[in-house]
Amino acid sequence: MSLFRKKDEPVAIIPDAEGMSVKSAIETRRSTRKYLDKAVPKDLIEEVLDAGRMAPSGGNSQTTRFIVITKRDVLEDLNKIVKDEFSKMSVKPGMYLPKVNAIMQSKAGTFRYDYHTPVLIVLANKKDYGNAMADSSCAAMNMLLRANELNMGACWVNQLHWLTDTDQLTKYMQKLGLEEDETITASVAFGYPDTKDGLPNRIPSRRKGNPVNWVE
Ligand SMILES: Cc1cc2nc3c(=O)[nH]c(=O)nc-3n(C[C@H](O)[C@H](O)[C@H](O)COP(=O)(O)O)c2cc1C
């Protein structure tokens, strides 16, 4: 049965934990933007990583690289680079709103693109590969869903992708394993959600777009 029983208002389902169906994982996945300051065991990170690495890829190329960062100093350095780069930019008419926020908050010194996540998985792919974004998106999506299944919080954070052409970020990321012929395609924050019950928010959000045309 469709999630949308009445118009586009989704019906809230609170599923059980690991072992939930793919349908439940999809319908209840939400972005987590508040994390506990608590280290995530490596085997749990590997579960999510495996989900990303198992994603399909065009021509089975498997060129998406995963750079897993748990080192606090590195996460802080990346935040400084992000703030520094956005604070050099100016807001332009018609600019994508999240970018406007990034610029304004960076200039004010308050921007924290990664929500203090304890784990950041940066995805990269070949610069000259036509399916780079598509493949990395499949990988990121798999990781978001697996995180939900594991009762963990996750959020796609896109700022490193936006800044992938800046020298400062490129040089820094190359020290962490980014190859010269690669570009940052996405990144995923991952950690224990800072909520009352310790579970991620799973209330499906209303659909205001994603129109469907049936041709029958
Ligand atoms: C390509 C892409 C980029 C995104 N970038 C960010 C981001 O930089 N920061 C953020 O907090 N959320 C980001 N998100 C998460 C979206 O804001 C979120 O999925 C959307 O608001 C719907 O909310 P939900 O994930 O809770 O269903 C991104 C999602 C996608 C697919």
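Further up the page is the structure itself.
Conventions used here
Residues numbered from 1 in each chain as written. Predicted model: local features only at pLDDT ≥ 70, side-chain atom pairs only at ≥ 80, totals over all residues. Heavy atoms only, no water. Pairing = 2+ DSSP bridges. Helix = DSSP H or I, 4+ residues; strand = E, 2+ residues; numbered from the N terminus. Axes fitted to C-alpha atoms, helices over the stretch in contact; angles between N-to-C directions. Expected span 1.5 Å × (residues − 1). Buried < 20%, exposed > 50% of the residue type's maximum accessible area, 1.4 Å probe, protein only. Arc of directions from axis to C-beta. Contact = heavy atoms within 4.5 Å. Phe/Tyr/Trp six-rings, centres within 6.5 Å; stacked < 30°, edge-to-face > 60°.

Asker: Pulling in residues and values, what's your account of the sheet that holds strand E2 (residues 119-126)?
Answerer: Hydrogen bonds between backbone groups are what pair the strands of a sheet, and the pairing can be parallel or antiparallel. Strand order in the open sheet formed by four strands is E1-E2-E4-E3, and the pairing between neighbours is antiparallel. Looking at strand neighbours, the two that pair on one side only are strand E1 (65-69) and strand E3 (153-156), the edges of this open sheet. Averaged over all neighbouring strand pairs, the angle between strand axes comes to 25°, with direction disregarded. Here E2 pairs with strand E4 (residues 182-191) via eight bridges, running antiparallel.

Asker: Would you mind going over helix H3 (residues 72-87) in detail, with residue names and values included?
Answerer: Given a rise of 1.5 Å per residue, 16 residues ought to cover 22 Å, and the 22 Å separating the end C-alpha atoms of H3 matches this to within 8%. Along H3, the residues classified as buried are Val74, Leu75, Leu78, Asn79, Ile81, Val82, Glu85 and Phe86. Across the axial projection of H3, the buried residues extend over an arc of 160°, all falling on one side. In this structure, H3 carries Asp73 and Lys80 as exposed residues pointing more than 90 degrees from its buried face.

Asker: Could you give an account of unusual backbone geometry, naming the residues involved and the relevant values?
Answerer: A positive phi angle, near 55°, is found at asparagine 60, a position not held by glycine. Within the fold, asparagine 60 resides in the loop between helix H2 (42-53) and E1. Classification of asparagine 60 by relative accessible area gives exposed; the value is 55%.

Asker: Summarise helix H5 (residues 132-149); cite the residues concerned and give the values.
Answerer: Since the α-helix packs 3.6 residues into each turn, any two residues three or four apart lie on the same face. The terminal C-alpha atoms of H5, which comprises 18 residues, lie 26 Å apart, in line with the 26 Å expected from a rise of 1.5 Å per residue. Inspection of H5 places Ala132, Asp135, Ser136, Ala139, Ala140, Met143, Leu144, Leu145, Arg146, Ala147, Asn148 and Glu149 among the buried residues, and these make up the whole buried set. Close packing links the buried residues of H5 with helix H1 (22-28), H2, E1, E2, E3 and E4. Backbone geometry just after H5 places asparagine 151 at a positive phi near 65°.

Asker: An account of the packing of aromatic side chains is requested, with residue identities and associated values reported.
Answerer: For the coordinates displayed, the defined rule picks out three aromatic pairs. Ring centres of phenylalanine 86 and phenylalanine 111 lie 6.0 Å apart, and the angle between their planes is 85°; on these two criteria the pair is classed as edge-to-face. Of this pair, phenylalanine 86 sits in helix H3 while phenylalanine 111 sits in the loop between helix H4 (97-107) and E2, and the two are 25 residues apart along the sequence. This pair shows no difference in class: phenylalanine 86 is buried, exactly as phenylalanine 111 is. On the basis of an interplanar angle of 80° and a centroid distance of 5.8 Å, the ring pair of tyrosine 96 and tryptophan 162 is categorised as edge-to-face.

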